Amino acid sequence: GSTNKDSLHLNYTGSFDYLYTYDHYQNSEHAFLLNADLNERFRSGNIFGLEAGAGHYATSNSIDSTNNTLISLNPWFGKSSSEFIYRIGVGMVLDFQGEKVDPLFFPEAHLQINMVRGVLMPYFGVGGHMQVNNYRTVAEENRYVRPGLKVKNTQHKIRGYVGLKGSFSRQFSYDLRA
């Protein structure tokens, strides 16, 4: 990732993860995850960003005969000033389940108002995402799950939230969200 102190430079982060799951019935799953986040702020306060990711989940045939691959792209635009911060974008996901491909779109909007700068900042927004239900996440949720269940990914088409955050000192800050 970048470590620029000047926020007017291109900021980026990237990660690669590999997860291996194996149980005592000789079932296994390999997960390859790649993520990148780019954003740049301009002198006008406008911010342009792009989040991208890919995940491939390869399971043994005893769990599922098809592998699952997700590719996501989330371009967004935002603005930051002393009075407010907002961000709007659209998340696009391609969900490959074997030979079947589902293109999905999720909205993203966030608004934060600085009522008392740094002390009282209400915010609200909407968004959506794709929750991956691979063998590892299902087994972590229910350790008694029977291998071979075909669990589809969960679409959270739209979720709303509201919150209030701020700080009273360097030692005490808060973020209440519902």
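Here the structure is shown first, and the text comes after it.
In this text, all values refer to a predicted model and were calculated from it rather than measured experimentally.

**Quick notes on the sheet that holds strand S2 (residues 28-41)**
Next, step 1: Within the open sheet, the nine strands sit side by side as S1-S2-S3-S4-S5-S6-S7-S8-S9. Their pairing is antiparallel. Two strands bound the open sheet, and with one partner strand each, they are strand S1 (11-22) and strand S9 (173-177). Between one strand and the next, the sheet's axes are offset by a mean angle of 15°, whatever the strand orientation.
Next, step 2: Pairing analysis gives five bridges linking strand S6 (residues 100-113) to strand S7 (residues 121-131), with the strands arranged antiparallel. Bridging across to S7, Glu108 finds its partner in Gly127.

**Concerning the nonpolar core**
Next, step 1: Within the largest apolar cluster, nine residues are counted, these being Ala31, Leu33, Tyr57, Leu70, Val93, Leu104, Phe106, Met130 and Val132.
Next, step 2: Those elements giving two or more residues to this core turn out to be S2 and S6.
Next, step 3: Among residues more than four places away in sequence, those in contact with Phe106 are Gly89, Val90, Gly91, Val93, Gly128, His129, Met130, His156 and Lys157.

**As for the environment of Leu73**
Next, step 1: Within the element layout of this structure, Leu73 appears in strand S4 (residues 68-80).
Next, step 2: Among the residues examined, Leu73 registers a relative accessible area of 38% and is labelled partly exposed.
Next, step 3: Distance in space between the C-alpha atoms of Leu73 and Asp37 is 9.9 Å, their sequence separation being 36 residues.
Next, step 4: Non-local contacts of Leu73, meaning those with residues more than four positions away in its chain, are made with Leu50, Glu51, Ala52, Val90, Gly91 and Met92.

**Side note on a nonpolar patch on the surface**
Next, step 1: On the surface, a nonpolar cluster with roughly 650 Å² of combined accessible area is contributed by Phe16, Tyr18, Tyr20, Tyr22, Phe32 and Leu34.
Next, step 2: Counting only elements with at least two residues in the nonpolar patch, the list comes to S1 and S2.
Next, step 3: Per-element accounting of the nonpolar patch gives the leading share, four residues, to S1.
Next, step 4: Relative to the assigned elements, Tyr18 resides in strand S1.

Calculation notes
- Residues numbered from 1 in each chain as written.
- Predicted model: local features only at pLDDT ≥ 70, side-chain atom pairs only at ≥ 80, totals over all residues.
- Heavy atoms only, no water.
- Pairing = 2+ DSSP bridges.
- Helix = DSSP H or I, 4+ residues; strand = E, 2+ residues; numbered from the N terminus.
- Axes fitted to C-alpha atoms, helices over the stretch in contact; angles between N-to-C directions.
- Core = buried A, V, L, I, M, F, W, Y, C linked by side-chain atoms within 4.5 Å.
- Buried < 20%, exposed > 50% of the residue type's maximum accessible area, 1.4 Å probe, protein only.
- Contact = heavy atoms within 4.5 Å.
- Patch = residues over 30% accessible without salt bridge, like charges linked within 9 Å, V, L, I, M, F, W, Y side chains within 5 Å.
- Areas by Shrake-Rupley, 256 points an atom, 1.4 Å probe, with all protein chains shown as cover.
- Salt bridge = Lys/Arg side-chain N within 4 Å of Asp/Glu carboxyl O.

The values are spatial; any link to function lies outside them.
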